[in-house]
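# Survey of secondary and tertiary structure
As a plain string of letters, each chain reads:
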Amino acid sequence: SHIAANHGGGGVALWQRVPGSDRWRSLDGGPSPPRAGPSRRSGLREAQSALEAVLLPCDFPHSVGPGYLRYVQWTSIGLVTGKVESILATQAALFAVGVGAGAVPMAAAIQWVLKDGVGHAAAIGYATVVNT
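Residues numbered from 1 in each chain as written. Predicted model: local features only at pLDDT ≥ 70, side-chain atom pairs only at ≥ 80, totals over all residues. Heavy atoms only, no water.

Another aspect to go through is the overall build of the protein. A tally of helices and strands in the protein yields three helices and three strands. Secondary structure elements in the protein, listed N-terminal to C-terminal, are β-β-β-α-α-α. Taking the contacts inside the protein whose residues are at least 6 apart along the sequence as the reference set, 17% of them involve residues at least 24 apart. Total accessible area on the protein is roughly 10,000 Å²; 65% of this is exposed by carbon and sulfur atoms. (Helix = DSSP H or I, 4+ residues; strand = E, 2+ residues; numbered from the N terminus. Contact = heavy atoms within 4.5 Å. Areas by Shrake-Rupley, 256 points an atom, 1.4 Å probe, with all protein chains shown as cover.)

A few words on a nonpolar patch on the surface. On the surface, L51, V54, L55 and I124 cluster together to form a nonpolar patch covering roughly 350 Å² of accessible area. Along the polypeptide, L51 turns up in helix α1 (residues 40-55). (Patch = residues over 30% accessible without salt bridge, like charges linked within 9 Å, V, L, I, M, F, W, Y side chains within 5 Å. Salt bridge = Lys/Arg side-chain N within 4 Å of Asp/Glu carboxyl O.)

To continue, consider the pattern of salt bridges. Scanning all chains against the criterion turns up two salt bridges. The shortest N-O distance in the salt bridge between D116 and K83 comes to 3.6 Å. Here the residue D116 occupies a position in helix α3 (residues 103-130), and K83 occupies one in helix α2 (residues 68-96), the gap between them amounting to 33 residues. Classification of D116 by relative accessible area gives partly exposed; the value is 22%. One salt-bridge network, in which partners are shared between bridges, spans K83, K115 and D116. (Buried < 20%, exposed > 50% of the residue type's maximum accessible area, 1.4 Å probe, protein only.)

By themselves, these are just geometric observations and shouldn't be taken as functional.
This is the structure we're talking about:
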């Protein structure tokens, strides 16, 4: 457990961090908890909240049916495997027409997929802004 002292107003207040959270508990009735920069845990929570706000519908989970997450998981797996298949097919096609073996066809295929990925990410961002 983390103990902190807050020096202010001529006195010392003692605070203890509540295990598993970012909250503090007063040990002596002190006036205010210690201030610190954002913890790693709160940063991860903020990132998770931001992703949920972008990817999940408003009022989730109350606005969707019980099988929604399972559907989204399988759809995502299908999309990712489709992109991997696209990379491999593009690489094979480039090799077949004589572009060469090794890094060149793979680089071209990855560049093509990244271009599509940026387009998809921009579409998701636009839809998030428009629908909120």
